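Chain residues, written in single-letter form:
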Amino acid sequence: MALQCGIVGLPNVGKSTLFNCLSSAKAQAANFPFCTIEPNVGVITVPDERLGKLAELVHPGRIVPATVEIVDIAGLVKGASKGEGLGNKFLANIRETDAIIHVLRCFDDGNVTHVDGSVNPVRDKEIIDTELQLKDLETIESRIQKVQKMATTGGDKEAKLTYGVLLKYKEALEQGKSARTVEFDTKDEQTAAKNLFLLTSKPVLYVCNVDEGSAVKGNHYVDEVREAVKDENAEILVIAAKTEADIAELETYEDRQMFLEEVGLEESGVNRLVKTAFHMLNLETFITAGEMEVKAWTYKKGWKAPQCAGVIHTDFEKGFIRTEVIKYEDYIHYGSEAAVREAGKLNVEGKDYVVQDGDIMHFRFNV
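Just so it is clear, the structure is predicted and the values come from calculations on it, not from any experiment.

(A) Region of the structure containing the packing of aromatic side chains. In total, this model carries six aromatic pairs according to the counting rule given. Measuring from centroid to centroid gives 6.0 Å for F286 and Y299, while their planes differ by 40 degrees, and the two rings are tilted. With F286 in strand β8 (residues 283–289) and Y299 in strand β9 (residues 293–300), this residue pair connects regions lying 13 residues apart in the sequence. Just as F286 is buried, Y299 falls in that class too. Taken together, a centroid distance of 5.7 Å and an interplanar angle of 85 degrees make the contact between F286 and F363 edge-to-face. With F286 in strand β8 and F363 in strand β12 (residues 360–365), the pair connects residues that are 77 residues apart, well separated along the chain.

Dropping the structure here:
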């Protein structure tokens, strides 16, 4: 399941530095606009302490964690919706992603040029929001022209439904609000809205890039961002990208943990970002555990057992019979699959079972 998060922001806010921390694929981090022209794609491991604990009991040949793709996209400037700078390329790249990681500069540094001459993360946020909203409004108005006649004079129910959704979006966008702020009451409306693939309907994580001294508690810039996005359906994460880059250079886990303790952090910002991005995409993992491997498999929250079986192989879903499920806590408590069985804690579930995050599963199928 190759789902992508796109890292966006104005030039020189720390996007590529953050991407370099996340991925072994090194984007060029330079102090001038548009140093990232082609989107860099990194396949990032999702930190999951459960896999290591299971491996201590199972002793597998390998551990395979879940992954998510992170795309470092060229910096955007005013006028991108009209093709200014690398606007058209930026908008095409971001349209292909499933969620947005919006990096905001929340630090002062005279050695790092700001494209607008001063540090103001709320203004920076609004520049990108406006460009994306203008592009979405252009999309909406084009769609309205196509369905308006069918919706208002004909008996096309689907056109009427779509038209109503388009008008709701148009009203919000004209007020300077993003599409993600619009709520729909029915499943049909929600489906029609999703099928429009609007840029500002994507889930967003605002990453406040701060100096090392602000990594734990943030600063006044972060407070301003929190106030600005309080009515959005969005999350905020505080990260000191330069500090994360220093941590990433350390070779051993012990050295990295010692560095984190000195800064006052329990967990690296990179780990927190990847976990947040994973859940922002509405993803969870089930686990298979055996002598060959302990592996995390990615699925959409709310999926039932046959759909999850299909993640491993399409034949598993086609021929699904049942699944044996062990809760992660029970496996750790009893120490082995055999002990779990003996304690009566292994459950046999059918096609209607909704898989839960961390379930350890063994599928039975026949094709």
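(B) Seen up close, the environment of Y221. With respect to the helices, strands and loops of the structure, Y221 is situated in helix α7 (residues 220–228). Residue Y221 is classed as buried on the basis of its relative accessible area, which comes to 10%. Note: C-alpha distance between Y221 and V122 (99 residues apart in sequence) is 8.3 Å. Discounting residues that sit within four places of it in the chain, Y221 has contacts with C106, F107, D108, V119 and P121.

(C) A look at the nonpolar core. Core analysis: the biggest nonpolar cluster contains 69 residues, and C5, L22, I70, I101, C106, V207 and L273 have the highest contact counts within it. When sequence neighbours within four positions are dropped, the list of residues in contact with V207 reads L18, I101, H102, V103, L104, L237, I239 and L273. By size, the runner-up hydrophobic cluster in this structure holds 19 residues, among which are I144, A159, Y163 and Y169.

(D) Structural view of the sheet that holds strand β1 (residues 4–8). With respect to topology, six strands assemble into an open sheet ordered β2-β4-β1-β5-β6-β7, the strand pairing being mixed. Looking at the sheet topology across the chains shown, the edges are occupied by β2 (40–45) and β7 (234–239). Geometrically, the sheet is characterised by an average inter-axis angle of 25 degrees between neighbouring strands, direction not taken into account. Judged from the four bridges that link them, β1 and strand β5 (residues 99–105) form a sheet pairing that is parallel.

(E) Representation of the pattern of salt bridges within the structure. Counted under the stated rule, the structure contains 17 salt bridges. Two residues, E227 and K230, come together in a salt bridge whose shortest N-O distance is 2.8 Å. Residue K230 is classed as exposed on the basis of its relative accessible area, which comes to 54%. Where D359 meets K327, a salt bridge forms, and the shortest distance between an N and an O atom there is 2.8 Å. Here D359 is found in the loop between β11 (347–349) and β12, whereas its partner K327 is found in the loop between β10 (320–326) and α13 (328–334), with 32 residues between them in sequence. Among the residues examined, D359 registers a relative accessible area of 1% and is labelled buried. Since its relative accessible area comes to 27%, K327 is described here as partly exposed. What you see here is one network of salt bridges that share partners, running through K125, D129, R180 and E232.

Definitions and limits used
- Residues numbered from 1 in each chain as written.
- Predicted model: local features only at pLDDT ≥ 70, side-chain atom pairs only at ≥ 80, totals over all residues.
- Heavy atoms only, no water.
- Phe/Tyr/Trp six-rings, centres within 6.5 Å; stacked < 30°, edge-to-face > 60°.
- Helix = DSSP H or I, 4+ residues; strand = E, 2+ residues; numbered from the N terminus.
- Buried < 20%, exposed > 50% of the residue type's maximum accessible area, 1.4 Å probe, protein only.
- Contact = heavy atoms within 4.5 Å.
- Core = buried A, V, L, I, M, F, W, Y, C linked by side-chain atoms within 4.5 Å.
- Pairing = 2+ DSSP bridges.
- Axes fitted to C-alpha atoms, helices over the stretch in contact; angles between N-to-C directions.
- Salt bridge = Lys/Arg side-chain N within 4 Å of Asp/Glu carboxyl O.

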